[in-house]
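Given next are the chains, with one letter for each unit.
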Amino acid sequence: MKIFSIFIFLFGSILSGWAQSVQTVAIPGSSVSFNMISVPSGSFLMGSPATELLRNADEGPQVKVKLDGFSIAETEVTWELYELFTDKEKRAALIYSSELVKGNADAVIKPSTPYLDPSYGMGKYSFPATSMTQYAALSFCKWLSELTGEFYRLPTEAEWEYACKAGTNTAYSFGDDPSLLDQYAWSFNNSEDKYHPVKSKKPNPWGLYDMHGNVMEWTLDQYQADYYPTLGNATASPWRRPDKLFPRTARGGSWDENPQVLRSSARTSSNPSWQRRDPQIPKSFWWCSDAPFIGIRLVKPTIQPSKEEQEEFWSLVLDEG
C-alpha cells in the first residue's frame with residue numbers, strides 16, 4: 001500500500017501563466033485527508049502601507065520579498081489529523097506499509113496528556129486543532145514528514161503573508177472594507193465566543209480558507225517588532241530564525257480578535273500568558289492551557305530539501321522550540 005494517495009486537479013483559472021493545482025493527501029489506515037494548494041514563486045510587498053487604517057508600527061516599512069514556490073494547506077489542521085499524532089490509540093491504528101520503513105515517524109516524541117481539554121468543548125471533528133505550543137506544532141510537522149515521506153513544516157511569516165494576500169495589496173484579501181469580513185472570517189464580532197468548522201466561510205483568491213480569523217496560525221519566525229527595517233529590498237525567502245522561547249510570531253487573527261487583528265499584514269507575538277493556568281514547572285512544552293485560539297497551517301516546499309537538510313532543519317527549530 002502506498003503511504004499516501006495523491007490526486008491532482010487543475011483549476012480552470014490561470015494566474016500569470018501558472019496553473020494552480022490541488023494535492024489531496026490521504027493518510028492510510030484512517031479516513032483522514034487534507035488538501036495542499038500550490039502557490040507560485042514570485043515577489044510581493046510584505047507589510048502594510050503607512051496609510052492603512054489601524055495598522056501597527058511592526059508592519060512596516062513595507063519591503064519587497066522574493067519567495068520560491070510552495071504548497072500550503074487549504075485549511076488549518078483539523079483535530080482529525082492532529083489527533084493521529086497526539087492520541088496513542090489512533091497512532092497505533094494507522095496502517096504502516098513496507099514503504100514506511102524508510103521513515104521514523106514512531107521515533108518522533110509525542111505530546112503529553114494536556115492539563116485541560118485543548119478544544120474547550122468548542123468542537124473537534126472538522127474543527128481546527130488548537131492550544132498546541134509552537135514546539136508541538138513543529139513536532140507534528142516532523143512526524144507527518146516522517147509518516148508521508150514528504151517534507152512539511154510551518155510557513156515563514158513571509159510565506160504566510162504572501163499566501164494570505166494572494167496577489168492583493170489591500171488590508172484584507174477581499175479588499176479594504178471590514179464590513180465584508182463576516183463573509184470570509186470568524187472574528188470577535190460574529191464567532192459567538194468559539195471557533196468554527198473549517199471551510200465555513202469564503203476562501204481567498206487562491207482558494208485558501210480561514211486565512212483571516214477562526215484560529216491564528218503559528219509561523220516559523222521569532223517575533224521581532226523592528227524586523228522589517230533589517231530586511232533589504234528584494235530580500236529572498238526571509239526567515240527570522242528563533243533564538244529564544246518568547247515571543248514567536250502568529251498570523252491571521254482568531255475568533256477572539258477584533259477585525260483589525262485579522263488584516264493580511266497584522267502580526268501577533270506569543271506570550272507566556274498563553275500558558276497561565278498550566279500548573280507544571282516548567283510549563284508544558286506541548287500545550288498552551290490558555291490559548292484555544294492558536295493553530296497550524298502546513299507548508300510543503302516545491303523543492304524538497306535533502307534528508308541531511310531536513311535533519312539540520314529539525315535540529316535547529318526543535319532545539320530552539
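All values reported here derive from a predicted model rather than from experimental measurement.

S.K.: Would you mind showing me how to read helix H1 (residues 79-86) here?
M.R.: Because each turn of an α-helix spans 3.6 residues, side chains separated by three or four positions end up pointing in the same direction. Most of H1 sits inside the fold, with seven of its eight residues counted as buried. Along H1, the residues classified as buried are Trp79, Leu81, Tyr82, Glu83, Leu84, Phe85 and Thr86. Those residues of H1 that are buried lie in contact with strand E3 (33-39), helix H2 (88-93) and helix H3 (134-148).

S.K.: For this particular structure, what's the right way to read the sheet that holds strand E8 (residues 235-236)?
M.R.: For sheets, the rule is that strands pair by backbone hydrogen bonds, running either parallel or antiparallel. The strand order E4-E5-E8 describes an open sheet built from three strands, whose pairing is mixed. Whereas interior strands pair on both sides, the edge strands pair on one side only; in this sheet they are strand E4 (42-46) and E8. In terms of strand pairing, E4 meets strand E5 (residues 63-67) through five bridges, oriented antiparallel. Each bridged residue has a counterpart across the sheet, and for Leu45 the counterpart in E5 is Lys64. Contacts between helix H4 (residues 157-165) and the sheet are confined to E4 and E5, with E4 contributing the most and set at about 95 degrees to the helix.

S.K.: Help me out: how do you make sense of the packing of H1 against H3 in this one?
M.R.: Relative to each other, H1 and H3 sit at 85 degrees, their axes nearing to 10 Å. It follows from the interaxial angle that H1 and H3 lie roughly perpendicular. For the pair H1 and H3, the contacting residues are Leu81, Tyr82, Leu84 and Phe85 in the first and Ala136, Ser139, Phe140, Trp143 and Leu144 in the second. In terms of residue class, the contact of H1 with H3 is made up of eight nonpolar, one polar and no charged.

S.K.: Would you explain the sheet that holds strand E7 (residues 216-222) in this entry?
M.R.: Sheet architecture is open: four strands sit in the order E10-E9-E7-E11, paired in mixed fashion. A strand with exactly one partner marks an edge of an open sheet, and here the two such strands are strand E10 (267-269) and strand E11 (294-295). Relative to strand E9 (residues 248-251), E7 is paired through three bridges, and the arrangement is antiparallel. Directly across from Trp218, in E9, lies its bridge partner Ala250.

Reading the values: the criteria
- Residues numbered from 1 in each chain as written.
- Predicted model: local features only at pLDDT ≥ 70, side-chain atom pairs only at ≥ 80, totals over all residues.
- Heavy atoms only, no water.
- Buried < 20%, exposed > 50% of the residue type's maximum accessible area, 1.4 Å probe, protein only.
- Helix = DSSP H or I, 4+ residues; strand = E, 2+ residues; numbered from the N terminus.
- Contact = heavy atoms within 4.5 Å.
- Pairing = 2+ DSSP bridges.
- Axes fitted to C-alpha atoms, helices over the stretch in contact; angles between N-to-C directions.
- Parallel < 35°, antiparallel > 145°, perpendicular 65-115°, else oblique.
- Nonpolar A, V, L, I, M, F, W, Y, C, P; charged D, E, K, R; others polar.

As far as function goes, none of this settles anything; it's purely spatial.
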